[in-house]
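Coordinate analysis (summary)
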Amino acid sequence: MSKGANIFTLVFGCVLFIAVSMGMSLIFRNLTVQYKLTKLYDDFLANVTHELRTPLASIQLHLETLKGRNVPLPKQKKFIEMMLKDANRLKRLIDSILEIAGLEQKKAVYQCKVFNADAVIKGLVEEARIQFKLPEETVHIEGHADCEFVINKDAFKILIDNLIDNAVKYTKNQLRIRVVLKCTRKKLIIEFADNGIGIAPKDLKKIFKKFHRISHPDVPNVKGTGLGLYWAKEIVKYHGGKIRAVSQANGAMFRIELPVYYVSKKHYLNRLLKSKKRMKF
Amino acid sequence: MSSDSKFSGSKILLVEDEETLASGLEYNLTEEGYAVTWAENGKKALELFQAQVFDMIILDIMLPYIGGFELARKIREESPHMPILMLTARTKVKDRVKGLEIGADDYLTKPFHLEELLARIRVILKS
């Protein structure tokens, strides 16, 4: 074999080796990603199943009790109230999954209106505080957002509820929530901080991913589906804003930026204000 | 419902963080003649277990502060023969196996039939 042919074979071999190595590494990376996704999805299914089975067990237990025992009337009423509470819990879970699917497929159409940011955000935070049965001193609101924004109030209630739910679930000691509001010329900024277990820098982006959940020895067995913060992000995104988690010494902090009404882009306002369709959920 | 007077008065520690379910269970077990003490989390359950005497424990797995598996392990360390019935919405085989390996005497998944739960409680107390 000539010297030229040898060099050609060597170069060809090297190229082939590099190509095969790159291909293998690509396949390995894809398989790893696929494995992680499958695991996340499996966890999600297990979590959703758990969240469905628990209220269902309670409803079944109360119905079997009413069927099999002579339950006094006041107790019967109490049982019915409990069953309604569990039925509502099931409904909320099913609605949340459908609504997130709607947002993902761009099928969700929120009817939006112009609101005063200060009044709405403070009102929703207070509503959530009462709903979660938190003492008044738990939530501290600072600042004043004297600007208007274009939102669907129901969607924003879900956003605030999810942030507070998250704070409650991931705080071991006495919960403290601090909400700071401010308006710049173009943006409404909402900072939402708690004194919980916080978020590791490597998880700051991951926590907004679908099904992703933080596990921490200080708060074991946190119930949920891994959809809360993903849903929060989708709602903020729908309204033309951004949400991100910020690393801080104690607890978690979320920073939400939303466009202020008068300086928002025209197409954004048109999209939100002109939608005639009602929310489908 | 069939009750067995033989076990009437048996003391049961019910560890369940779901208020509506716990309330329904407490009502039924009391109607059956058992003396029920309810703990809504693992930490409180451990404190109660260390302070009082019980004949059996009904234990959920997904509990705040101290999970059901860990609690069962701690209980087993202190009282190797304490009957434990795990009552949980976790249905995976690996969870059942883990529960039984830790030392649970029985494992029932939610939703369950009341009659079946009561029957299993009687069997556990008999043995």
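Look above for the structure.
What comes next is a walk through the structure. Just so it is clear, the model here is predicted, and its values are computed rather than measured.

What counts and how
- Residues numbered from 1 in each chain as written.
- Chains lettered and ligands numbered in written order.
- Predicted model: local features only at pLDDT ≥ 70, side-chain atom pairs only at ≥ 80, totals over all residues.
- Heavy atoms only, no water.
- Helix = DSSP H or I, 4+ residues; strand = E, 2+ residues; numbered from the N terminus.
- Rg over C-alpha atoms; globule rule 2.2 N^0.38 Å.
- Contact = heavy atoms within 4.5 Å.
- Lys, Arg positive; Asp, Glu negative; His and termini not counted.
- Charge placed at Lys NZ, Arg CZ, Asp CG, Glu CD.
- Buried area = accessible area lost by both parts, 1.4 Å probe.
- Salt bridge = Lys/Arg side-chain N within 4 Å of Asp/Glu carboxyl O.
- Polar contact = N/O pair within 3.5 Å; in protein donor to acceptor, adjacent residues only side chain to side chain.
- Pairing = 2+ DSSP bridges.
- Axes fitted to C-alpha atoms, helices over the stretch in contact; angles between N-to-C directions.

Focus: the overall build of chain B
- The number of helices and strands found in chain B is five helices and five strands.
- Secondary structure elements in chain B, listed N-terminal to C-terminal, are β-α-β-α-β-α-β-α-β-α.
- Relative to the compact-globule value of 14 Å for 127 residues, chain B shows a C-alpha radius of gyration of 13 Å, a close match.
- Its C-alpha atoms give chain B principal-axis dimensions of about 35 × 30 × 30 Å.
- Counting contacts in chain B only where the partners sit at least 6 residues apart, residues at least 24 apart contribute 61% of the total.
- Once the 16 positive and 21 negative side-chain charges of chain B are each reduced to a mean point, those two points are 5 Å apart.

A word on the interface of chain B and chain A
- On the side of chain A, 29 residues touch chain B, which itself brings 33 residues to the contact.
- Both sides of the chain B and chain A interface together cover about 2,500 Å² of buried area, and 56% of this is carbon and sulfur.
- The largest contributions to the chain B side of the interface with chain A come from Thr20, Tyr27 and Met62 of chain B, which together make up 26% of the buried area.
- At the surface where chain B touches chain A, the tally comes to four salt bridges.
- Notably, a salt bridge pairs glutamate 32 of chain B with arginine 69 of chain A, separated by 2.8 Å at the nearest N-O pair.
- Counting the contacts that link chain B with chain A gives 14 residue pairs in polar contact (both at pLDDT 80 or more).

Examining the sheet that holds strand 2 (residues 35-39) of chain B
Residue and element names in this part refer to chain B.
- Strand order in the open sheet formed by five strands is 2-1-3-4-5, and the pairing between neighbours is parallel. Both edges of this open sheet fall to strand 2 and strand 5 (106-109), since each of them pairs with a single strand only. On average, each strand axis in the sheet is tilted by 20° relative to the strand beside it, whichever way the strands run.
- Relative to strand 4 (residues 84-88), strand 3 (residues 56-59) runs parallel, the two being bridged by three bridges.

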